[in-house]
Amino acid sequence: RISLSMCHELKCSICLDLFTDPVSTPCGHNFCKSCLSQCWNNSQTYRCPFCKANFRKRPDLKINTALRPVLELFREKSGLSKSEVLCDFCDDIKMKALKIKVSAQEKTDSIKLFTDLMRSIERCQSELLEMMEQKQKAAEKQAEELIKELEQEITELKRRDTELEQLSHTEDHLHILQVSVLLSANITAQHSPYTPGQHLFFISYLSLLVDVTLDPDTAYPNLVLSDDGKQVTSKDIKHKLPNNPERFDYCPCVLAHEGFSSGRFYFEVQVKGMTDWDLGVARESINRKGIITAIPEAGYWIVVLRNGNNYLAGESSPVPLSLRVKPQVVGVFVDYEEGLVSFYDVESRSHIFSFTSQSFTEKLFPFFSPCKNEKGKIAFVMLFPPLFHL
């Protein structure tokens, strides 16, 4: 005989009657297709009416082909309508066979699902391992490149240390300056990190390079300065300018804006193509009116060119200078505390003249003159931009 529990398994939990077109939810419960569809049509969420399991999207409902024959056989044997439930054929062998068939199908579906899941896990594991291996290779390559760069930098730093040690024992200031600039250019080009205090001697010479601009308030009226203050030209026309105390009123001279009262500094002046010029440094209290006697006792430390090839140092008695080549760029080095003013031919890396054992008590200013009888120009040029300032 059929038990009441078996009858209950063939009933829809929504309409409480025998299934019509039974469908199954993903959670494994069965309902009439029309009952479940109507239930979901009236709701914004999709959940099992029996166990309340939520589904992210609406499941595609298909007729349970395994359960429908059971219902048809049940009705055939019992002769009952959908609304009548009698329990007199539960022992029927066909019903048992169908139950076994349904169970076997469920087992097959479970095995297939588990197999697909295992394949998916294995595929994900393989992809993850491959990705990790690629990242490890990339990291190892990056580490090797970094080690190579560091080794090159260590080698370069050792080379610079050797050069700087050699520089520390030389008195050739021009050579020190040029090598220091070259080293600084290499540091900038390689973007190498620099630790303050690592090469104190090196920094001390880098700090010599100063940016100098001409002061228009000091310029003789027939001198024309460029807008950037880096160039001065001597003209035949004398401009009407206020005769302020700072201005030279007789000699075609001009001072720089920048003055220095301690330490060491260095600047370079381009004199290419000129036949007459004066350049050097002068103290702040020099006489700027009338005729100038440009000697150290009057506050001037300069060298001059006359008539294209006569070079003189402005001592109390002018000192003729014998130069192998005509300087195109003149470098001026000043050590305030040491009382030293030195002049160099930058391109030939040769020494021109030095004022030594001087006593400086005032601020010193770079001094320039293109001379009255010269229609050319004298241009101040910073060949190497300053890296540090005093």
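Structural data are supplied above this passage.
Scoring rules and cut-offs
Residues numbered from 1 in each chain as written. Predicted model: local features only at pLDDT ≥ 70, side-chain atom pairs only at ≥ 80, totals over all residues. Heavy atoms only, no water. Helix = DSSP H or I, 4+ residues; strand = E, 2+ residues; numbered from the N terminus. Buried < 20%, exposed > 50% of the residue type's maximum accessible area, 1.4 Å probe, protein only. Lys, Arg positive; Asp, Glu negative; His and termini not counted. Salt bridge = Lys/Arg side-chain N within 4 Å of Asp/Glu carboxyl O. Polar contact = N/O pair within 3.5 Å; in protein donor to acceptor, adjacent residues only side chain to side chain. Core = buried A, V, L, I, M, F, W, Y, C linked by side-chain atoms within 4.5 Å. Pairing = 2+ DSSP bridges. 1 Å grid on protein atoms, 1.4 Å probe; cavity = no way out; pocket = protein on both sides within 12 Å on 5 of 7 lines; lining within 4 Å. Points joined across faces, edges and corners; volume = space filled by probe spheres on them. Nonpolar A, V, L, I, M, F, W, Y, C, P; charged D, E, K, R; others polar. Phe/Tyr/Trp six-rings, centres within 6.5 Å; stacked < 30°, edge-to-face > 60°. Patch = residues over 30% accessible without salt bridge, like charges linked within 9 Å, V, L, I, M, F, W, Y side chains within 5 Å. Areas by Shrake-Rupley, 256 points an atom, 1.4 Å probe, with all protein chains shown as cover. Charge placed at Lys NZ, Arg CZ, Asp CG, Glu CD. Contact = heavy atoms within 4.5 Å.

### A closer look at the side chain of D276
No. 1: Looking at the secondary structure, you find D276 in the loop between β8 (264-270) and β9 (277-283).
No. 2: Although buried, D276 forms no salt bridge, and the nearest oppositely charged side chain, R306, lies 4.4 Å from it.
No. 3: Of note is the side chain of D276, whose polar atom sits 3.0 Å from the side chain of T275.
No. 4: At 3.2 Å, the side chain of D276 forms a polar contact with the backbone nitrogen of N307.

### A word on the pattern of salt bridges
No. 1: The tally for this structure, following the rule as stated, stands at 3 salt bridges.
No. 2: Notably, a salt bridge pairs D116 with K112, separated by 3.2 Å at the nearest N-O pair. Here D116 and its partner K112 are both found in helix α4 (residues 93-167), 4 residues apart, which amounts to about one turn of the helix.
No. 3: The exposure class of D116 is partly exposed, given its relative accessible area of 35%.
No. 4: Overall, K112 belongs to the exposed group, its relative accessible area being 53%.

### Here we look at the nonpolar core
No. 1: Core analysis: the largest hydrophobic core is formed by 48 residues, its most contacted members being F248, F267, W277, L279, V341 and F343.
No. 2: Among the elements that take part in this core, strand β10 (residues 300-306) stands out by supplying 6 residues, more than any other.
No. 3: In this structure, L10, C32, W40 and F74 belong to the second largest nonpolar core, which totals 19 residues.

### A word on the pairing of β9
No. 1: By the criterion of burial, β9 is predominantly enclosed, with 6 of the 7 residues buried.
No. 2: Bridge analysis of β9 against strand β16 (residues 364-369) gives 6 bridges, and the strand direction is antiparallel. Paired with V281 across the two strands is P366, which belongs to β16.

### Here's the deal with the sheet that holds strand β12 (residues 319-321)
No. 1: What the 6 strands build is an open sheet, ordered β7-β16-β9-β10-β11-β12; its pairing is antiparallel. A strand with exactly one partner marks an edge of an open sheet, and here the two such strands are β7 (254-255) and β12.

### Quick word on the layout of surface pockets
Summary: where empty space remains is shown by rolling a probe the size of a single water molecule over the atoms.
No. 1: Space inside the largest pocket adds up to approximately 940 Å³.
No. 2: Taken together, 27 residues line the largest pocket, and the ones lying closest to its centre are S24, N30, N64, V102 and E106.
No. 3: Looking at the lining of the largest pocket element by element, the count peaks at 8 residues for α4.
No. 4: Among the residues forming the lining of the largest pocket, the class breakdown is 13 nonpolar, 7 polar and 7 charged.
No. 5: For the lining of the second largest pocket, the secondary-structure elements that each account for two or more residues are β10, β11 (310-313) and β16.
No. 6: The dominant element in the lining of the second largest pocket, judged by the number of residues it contributes, is β10, at 3 residues.

### Considering the packing of aromatic side chains
No. 1: The full count for this structure, using the stated rule, is 12 aromatic pairs.
No. 2: Look at F343 and F355: their rings are 6.2 Å apart centre to centre, the planes differ by 70°, and that puts the pair in the edge-to-face class. One end of the pair, F343, is in strand β14 (residues 340-345); the other, F355, is in strand β15 (residues 350-355), with 12 residues separating them in the sequence. Across this residue pair, the class does not change: F343 and F355 are buried.

### Considerations on a negative patch on the surface
No. 1: On the surface, E140, E144, E145 and E149 cluster together into a patch of negative charge.
No. 2: Structurally, E140 is set in helix α4.

### Notes on helix α2 (residues 33-41)
No. 1: Of the residues making up α2, those classed as buried are C35, L36, S37 and W40.
No. 2: For α2, the secondary structure elements touched by its buried residues are β1 (22-24), β2 (30-32), β3 (46-47) and β4 (54-55).

### Some remarks on the side chain of R247
No. 1: For R247, the location among the structural elements is in the loop between β6 (231-234) and β7.
No. 2: Lacking a salt bridge, the buried R247 has D217 as its closest oppositely charged neighbour, with an N-O distance of 4.5 Å.
No. 3: Within the structure, the side chain of R247 is placed 3.0 Å from the backbone oxygen of P216, a separation counted as a polar contact.
No. 4: If sequence neighbours within four positions are ignored, R247 has contacts with P216, D217, T218, A219, P221, L241, P242, R288 and K289.

### So, unusual backbone geometry
No. 1: Its identity as a non-glycine residue notwithstanding, K52 has a phi of 70°, on the positive side.
No. 2: By the secondary structure assignment, K52 is in the loop between β3 and β4.
No. 3: A positive phi angle, near 55°, is found at S357, a position not held by glycine.
No. 4: Mapped onto the elements of the fold, S357 is located in the loop between β15 and β16.

Read these as layout, nothing more, since geometry by itself doesn't imply function.
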